[in-house]
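# Structural description and commentary
Listed here are the chains, written in short residue letters.
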Amino acid sequence: MSEPLTASPDLVAPAVSELDTIVSLSKRRGFIFPSSEIYGGINAVWDYGPLGVELKNNVKRAWWRAMVQERDDIVGLDAGILMHPQVWVTSGHVGSFSDPLVECATCHRRYRLDELPGAEDLSATDLRDPGVVARLGLVCPNDAGPLSAPRQFNLMFQTYMGPVQEEASIVYFRPETAQGSYVNFKNVQQSSRKKIPFGIAQIGKSFRNEISPGNFVFRMREFEQMEMQYFVRPDEAAAAAFEDWLPRRRAWYEAYGVEPTRLRLREHAPDELAHYAKKAIDVEYRFPFGWKELEGVHNRGNFDLSRHAEASGENLEYFDPTTEEKFIPWIVETAAGADRAAFTFLIDSYREEEVKGETRVSLALHPELAPYKVAVLPLLKKRPEIVELCHRIKADLKRDIMAVYDDTAAIGKLYRRQDEIGTPWCVTVDVDTLEDGAVTIRDRDTMTQERVSMDQVKAVILGRLAAARP
Ligand code: ATP
C-alpha cells in the first residue's frame, strides 16, 4: 500500500477540545440549528442555517469537482431515495443492516452495544456474542441497571407506498446511495458508453434509524452521503484501484485544509468486514470525542452486481471489447458523508488567538468552502458616497461569488464577525477611496491589509480564489 496505516496516534490533540464550542458557534452564527426546535427538537436531525447551507453546498461542490468534473472516467447520477423494496432484500440490508442493541431492565434506555463505556474496543465477534454483557459486567450508564443480551436492531426506516398500508406496499428510505448506482449500472454504462474502469458518483440523502445518534451532526438519522462506485475488472484490478483511491481520498481532506496529523487510516479486522466487503479501510479524523470514521474505502468484489443480476434476472455482465471477455465487474467504493465532512472542516478550521488583549476567533476555512468569499464594509457609514460605493462593489462581486455588505458596527467588530464565520477577505471603502479610487483588502488569516484599485478588486479576489483551488 502506498502509505502505512498509522500506528497509534492517540496523543494527537483535537483541533477543538470541547464540542460545545462548535455547537454554540454554529447556532449563534447560523450554521446549524436543532430541527423543529420550537417544539423541543427531534433527536438526531439538524437543520442547516444560512451559513451552514453555503458551507455544505461548497463541500458537495468540491467533492463533485474532484470526483466527477475533473475526471474523464466518472459520471454522476441522482437516483431516487425510494427504490423497489427487493433492492434492499438483494443487497442484504433487510436481513443484516443492523447494530447490536442492549436495553436497561430498569430505565428501559437503549444503547448501541459498542458505544457503551467499556465496550468501545470490542471485536465484531464479541459484539455478536450473546454472553458479552454478562462476561464484561456491563451495566446501564444511566442508572447502573442490568442490561439485556444484545439483539440485532435493523436500521432501515420504512414507510408505505400508495394509499394502502399493508405489508405488500412497504418501501424503505435508502440507508445508502450506493444501491442506486448498482441498479443503474447498465443504464449508465450503455448511455455514457464508458469503458471499464469507470465510476458512478452520487450525492444525496440517506436515512438510518441509528440506536445512539449524537455528537452533533456526526451521527444523525437523516444525513447526506457522497459516494462513488468504481467498476473495474475482477481481482487484481480491484486491489489496485483500492490502493489508488485510498490515498486520493485522504488527500482530498488535506487539500481543503484538514491538518494531516488529525487524519489516520484504520483497516477493518476480518471479523468486522461487512458481508459484501473484501477489504475496507476508513479515513478517520481526530474529533473532540475521539478518532472516528470520516469516510470508508471498500473493495466490494463482485457481490453487488452478481446478487442483483441473480435476483432481477437481468444480465449485468460487461463485455470488454479489447480482450473480448465477459465478466461481472468488481466495485471499489469511496463512501463519505457530506455532513461529517462539513463538520470536520468546521472543527479543524477553528482558531482562537490573543490579539491586542482580546480573543480573536476565526474559522480558517479554505476559501472555496467559506460561506462568504468576501465582505464589503464601509469605514464610515454616515457618508452616503461610501455606502453607495460599497453596494456597487458588492453587487459586482455577487455576480460571481457570495459577497455580503455589513455596516451594523464599527470596523474592528465587523472584521471579527467575518473572521468568526470564515470569510477570507474583507474589502473596506474609506474616505481616501473617494479621492484615489482604491480600497483595502484585508486578509482573514494574516490580518494584513493591501490597497488595491477599485476596478481591480474583483479580479484580485477571483485570482486569489483560483490560486487557492487545489
Ligand atoms: P459508522 O461506523 O460511523 O456507523 P458506517 O461504517 O456505517 O459508519 P458507511 O455505511 O460506510 O458508514 O457510510 C459512509 C459514510 O456516510 C460514513 O463514513 C459517514 O461519513 C456517513 N454516515 C454514515 N452514517 C451516518 C450518520 N448516521 N450520520 C451522518 N453521517 C453518516
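## A few points about the overall build of the protein chain
Counting secondary structure elements, the protein chain contains 15 helices and 23 strands. The C-alpha atoms of the protein chain give a radius of gyration of 25 Å, which matches the 23 Å a tight globule of 470 residues would have. C-alpha atoms of the protein chain, sized along the principal axes, occupy 75 × 65 × 55 Å. Residue burial in the protein chain is summarised as follows: out of 470 residues, 51% are buried. Nonlocal contacts in the protein chain, meaning residues at least 24 apart in sequence, comprise 66% of its contacts between residues at least 6 apart. By element, 50% of the accessible surface of the protein chain is carried by carbon and sulfur atoms, the whole surface being about 21700 Å². If you average the places of the 58 positive and of the 71 negative side-chain charges in the protein chain, the two averages end up 4 Å apart.

## What about the sheet that holds strand β5 (residues 110-112)?
A sheet is described by the order of its strands in space; here three strands give the open sequence β5-β4-β6, paired in antiparallel fashion. Because the sheet does not close on itself, it has two edges, and the strands there are β5 and β6 (151-154). Within the sheet, the average angular offset between the axes of one strand and its neighbour, ignoring direction, is 50°. As paired strands, strand β4 (residues 98-103) and β5 are joined by three bridges and run antiparallel to one another.

## What about helix α12 (residues 384-398)?
Within an α-helix, residues lying three or four positions from one another point in the same direction, as the helix has 3.6 residues per turn. The end-to-end C-alpha distance of α12, which contains 15 residues, comes to 21 Å, matching closely the 21 Å that a straight helix rising 1.5 Å per residue would cover. By the burial criterion, the buried members of α12 are I386, V387, L389, C390, I393, K394 and L397. Around the axis of α12, the buried residues are gathered within 160° of arc, so they sit on the same side. α12 presents P384 and R392 as exposed residues on the side facing more than 90 degrees away from its buried surface. Elements in contact with the buried residues of α12: β19 (374-378), β20 (403-405), β21 (425-429), α14 (431-436), β22 (438-443) and α15 (457-468).

## So, the side chain of E176
Within the element layout of this structure, E176 appears in the loop between β8 (170-172) and α7 (178-183). R300 provides the closest opposite charge to the buried, salt-bridge-free E176, at an N-O distance of 4.2 Å. A polar atom in the side chain of E176 sits 2.9 Å from the side chain of Q179. Once residues within four sequence positions are removed from consideration, E176 is found in contact with W88, H93, S206, R208, Q225, E227 and R300.

## Focus: the site of the ligand
By nearness alone, 16 residues border the ligand, and R208, E210, R219, M220 and E293 come closest of all. R208 has a polar side-chain atom sitting 2.8 Å from an oxygen atom of the ligand. Here a nitrogen atom of the ligand sits 3.3 Å away from a polar atom, N or O, in the main chain of F218. When the ligand sits alone it has 600 Å² of accessible area, and the protein chains cover 86% of it.

Conventions used here
- Residues numbered from 1 in each chain as written.
- Predicted model: local features only at pLDDT ≥ 70, side-chain atom pairs only at ≥ 80, totals over all residues.
- Heavy atoms only, no water.
- Helix = DSSP H or I, 4+ residues; strand = E, 2+ residues; numbered from the N terminus.
- Rg over C-alpha atoms; globule rule 2.2 N^0.38 Å.
- Buried < 20%, exposed > 50% of the residue type's maximum accessible area, 1.4 Å probe, protein only.
- Contact = heavy atoms within 4.5 Å.
- Areas by Shrake-Rupley, 256 points an atom, 1.4 Å probe, with all protein chains shown as cover.
- Lys, Arg positive; Asp, Glu negative; His and termini not counted.
- Charge placed at Lys NZ, Arg CZ, Asp CG, Glu CD.
- Pairing = 2+ DSSP bridges.
- Axes fitted to C-alpha atoms, helices over the stretch in contact; angles between N-to-C directions.
- Expected span 1.5 Å × (residues − 1).
- Arc of directions from axis to C-beta.
- Salt bridge = Lys/Arg side-chain N within 4 Å of Asp/Glu carboxyl O.
- Polar contact = N/O pair within 3.5 Å; in protein donor to acceptor, adjacent residues only side chain to side chain.
- Near = heavy atom within 4 Å.

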